[in-house]
Amino acid sequence: LARYDADFWSPRGGREAWVDYKRRVLATKTEQTIRLERRALFAYPDTAGMGAERLVVARFHQDYDSNNYRGVMDKQLYLRREAGSWSVLYEGPAP
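As the structure is a computational prediction, the values presented were derived from the model and not from experiment.

Caption draft 1: How the structure looks around the overall build of the protein. Across its full length, the protein carries one helix and six strands. Here the C-alpha coordinates of the protein stretch approximately 45 × 30 × 20 Å along the principal axes. Within the protein, contacts between residues at least 6 apart in sequence are counted, and of these 43% link residues at least 24 apart. For the protein, the exposed area adds up to about 6300 Å²; of that, 51% sits on carbon and sulfur atoms. The centroid of the 16 positive side-chain charges in the protein is displaced by 3 Å from the centroid of its 13 negative side-chain charges.

Caption draft 2: Structural view of the pattern of salt bridges. Taken as a whole and judged by the stated rule, the model has seven salt bridges. For Arg35, the salt bridge identified is with Asp63, shortest N-O distance 3.4 Å. Here the residue Arg35 occupies a position in strand S3 (residues 32-43), and Asp63 occupies one in strand S4 (residues 53-66), the gap between them amounting to 28 residues. The exposure class assigned to Asp63 is buried, which follows from its relative accessible area of 16%.

Caption draft 3: Broad picture of unusual backbone geometry. Backbone geometry at Arg38 places phi at a positive 50°, although glycine is not the residue there. Backbone geometry at Ala83 places phi at a positive 50°, although glycine is not the residue there. Mapped onto the secondary structure, Ala83 falls in the loop between strand S5 (70-82) and strand S6 (85-93). In this structure Ala83 comes out as exposed when scored by relative accessible area, which is 73%.

Cut-offs applied
- Residues numbered from 1 in each chain as written.
- Predicted model: local features only at pLDDT ≥ 70, side-chain atom pairs only at ≥ 80, totals over all residues.
- Heavy atoms only, no water.
- Helix = DSSP H or I, 4+ residues; strand = E, 2+ residues; numbered from the N terminus.
- Contact = heavy atoms within 4.5 Å.
- Areas by Shrake-Rupley, 256 points an atom, 1.4 Å probe, with all protein chains shown as cover.
- Lys, Arg positive; Asp, Glu negative; His and termini not counted.
- Charge placed at Lys NZ, Arg CZ, Asp CG, Glu CD.
- Salt bridge = Lys/Arg side-chain N within 4 Å of Asp/Glu carboxyl O.
- Buried < 20%, exposed > 50% of the residue type's maximum accessible area, 1.4 Å probe, protein only.

Okay, here's the thing in structure tokens:
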């Protein structure tokens, strides 16, 4: 959860709501398997020369299985690099 940016947002709300949700969900997990297929990364061209900050969109098909939940979806992440570290700005369903 430390990799989620202070500016993070999702269909569930901002970072604080997301972290609360994930902590509740993860507390019930005893095992997880995540398979990713059809992975693609797209760098925003207008940010490629910005130096310290860069934006990338990651899209993939996720097959998630745990002890109490199974889900398959196309997912999208917006990632930002600042000062050499990557953080997640958005996580949710891909359009």
